[in-house]
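Analysis of the macromolecular model
Each chain, letter by letter, is given below.
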Amino acid sequence: MTDASHAVSSVSVSTARSVPEGATAVGYAVAASGSVPRQLGVSRSTLTDNGFHAKPGQTLAVPSNDGLLVAVGIGDADEADAGVLRRAAAAFTRAASSHDHLATNLADATSLDPTEAAQAVTEAALLASYRYVGLKGDDDVASNLTELTLLAASKRSKQVGAGIERGRTIAGAAALARELANTPPTYLNAADIARRAVDLGPDAGLEVEVFDRDDLEQMGCGGMLGVNRGSTEPPRMVKLTYTPDGADGDVAHLAMVGKGIMYDSGGISIKGNDAFHQVMKMDMSGAGAVLSAMSALRALDCPTKVTAWLMCTDNMPSGSALKLGDVLTMRNGKTVEIHNTDAEGRLVLADGLSLAVEEGVDAIVDIATLTGAALTALGPEVACLLGTNQNWIDAVSAASERVGEPTWQLPLETERYRKLLDSVVADMRNIGGPYAGTITASIFLSEFTGDVPYAHLDIAGPMKVDSDEGIYAKGATGFGTRLLIDLACSFSAPEPAPSRLA
């Protein structure tokens, strides 16, 4: 299978003062007011007459004898932020999708810091060019794009160059997350993703430890073992450790835990035969985002120590599968009665969260395609965010805003809803009933995080898109990868604070 994430990373991106001879499509930023770039050879009235009003991300092809020229809207230039530039760069890339060498002045068209601007443009152009090829024929290619030139004044070129390198690294990580989630489950099981992590480890500066079924039994990871019981494929837990160069004992320490259900049939509580069942190969999107984010930290000189756990297994029905009424003993000793085998993600995450607490980290974030209730609550574009420490939740929310991966905080409501998880025979049950599913799932998870500041990202909504849109291509989005990278690179231990209860 073609590795489209490698294709994205291999695109040559450079900066130049003027359009290079090889560029066959050039995008020029046009603001909502002010002069129109003379290179387009048209007036504002002509653009307006053709329906172009310079809205962020709007494009218009302009006839030219010198190749394709594209007017690219950025709205008010003084207010254009990284999000606007990402939208504009993605739109230009799609407008010129048949061309292999693009050039644009978007990184030089606003008052935004040159490094931040170049990073945004590079990320968006590369991710908008991504295509999953997988098992398609040899004539299909991951992308036509082979070269991208960012036009910038010479005094800004060094900063633009730095932004390009960051953008390339982050786009490559996000493309890897998409590639993993798009891969059919026959070609990517728990053992396969563990091997992928081992292969990535040396170049990414990661210590990689892989735990098999025997290891998990010795460790008392009842959640992982219970969910895996119905599968013929053995489970794998992967521990990744990134330590910044020269780190001493005082370095901040972040934990990431990713749900890695390689295929989710629902177990005995089998899912209905609908379109959503078909995409349950993407139920490992959380683990894919964590692995991909970890792969980028060394290249970005991340100053934070980060330890991550990928909790990987199938959830399948069989004669040995987990049954309703079974009771599992989790890593931290809590017992859980099973009321729905399709509420399996929280079971594997619970073991990972317990291990993170034992590691003595300063804060924990987990990421998972966890509940259909999250999709119902916030739709397909926004992830649910919950947690136990408001300062830490605010830090996650700020990272999501910076990278343009939107989240919205829901209240944890432990005092009101914890009773919904009460069990007659165990410490708790694994599902809270028909209402507030995202909240009760988060309350369940918080039972395994102790006093460590904890944030939970439910990405069931934005895990995929049904058509090309913005930086996303049809299929898996890799949502959360860029957020986790930003969170790790900007991390500081959160101060004590209560969660928001209302």
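Described below are features of the structure shown in this document. (Residues numbered from 1 in each chain as written. Predicted model: local features only at pLDDT ≥ 70, side-chain atom pairs only at ≥ 80, totals over all residues. Heavy atoms only, no water.)

Remarks on the overall build of the protein
For the protein, the helix and strand inventory stands at 16 helices and 19 strands. Taking 23 Å as the expected radius of gyration for a compact globule of 502 residues, we find that the protein reaches 23 Å, a close match to that expectation. With respect to the principal axes defined by its C-alpha atoms, the protein has extents near 75 × 50 × 45 Å. With 502 residues in all, the protein has 57% of them scored as buried. Within the protein, contacts between residues at least 6 apart in sequence are counted, and of these 77% link residues at least 24 apart. (Helix = DSSP H or I, 4+ residues; strand = E, 2+ residues; numbered from the N terminus. Rg over C-alpha atoms; globule rule 2.2 N^0.38 Å. Buried < 20%, exposed > 50% of the residue type's maximum accessible area, 1.4 Å probe, protein only. Contact = heavy atoms within 4.5 Å.)

Observations regarding the side chain of S442
Counting through the fold element by element, S442 comes out in helix α15 (residues 437-446). Among the residues examined, S442 registers a relative accessible area of 1% and is labelled buried. Of note is the side chain of S442, whose polar atom sits 2.8 Å from the backbone oxygen of T438. (Polar contact = N/O pair within 3.5 Å; in protein donor to acceptor, adjacent residues only side chain to side chain.)

Concerning the packing of aromatic side chains
How two aromatic rings sit relative to each other is given by the distance of their centres and the angle of their planes. Across all of its chains, the model carries two aromatic pairs by this definition. Ring centres 5.4 Å apart and planes at 85° place the aromatic pair W392 and F491 in the edge-to-face group. With W392 in helix α13 (residues 390-403) and F491 in the segment after α16 (481-489), the pair connects residues that are 99 residues apart, well separated along the chain. Judged on exposure class, the residue W392 and its partner F491 are both buried. Consider the rings of F444 and F448, whose centres lie 5.3 Å apart with planes at 50°: the pair is tilted. In this pair, the class of F444 matches that of F448, namely buried. (Phe/Tyr/Trp six-rings, centres within 6.5 Å; stacked < 30°, edge-to-face > 60°.)

With respect to unusual backbone geometry
In the Ramachandran plot, A54 falls in the positive-phi region, its phi being about 65° despite a non-glycine side chain. Overall, A54 belongs to the buried group, its relative accessible area being 1%. If you check the backbone angles, D301 has positive phi at about 55° while not being a glycine. Among the secondary structure elements, D301 is positioned in the loop between α10 (285-296) and β10 (305-315). D301 sits in the exposed class, given a relative accessible area of 64%.

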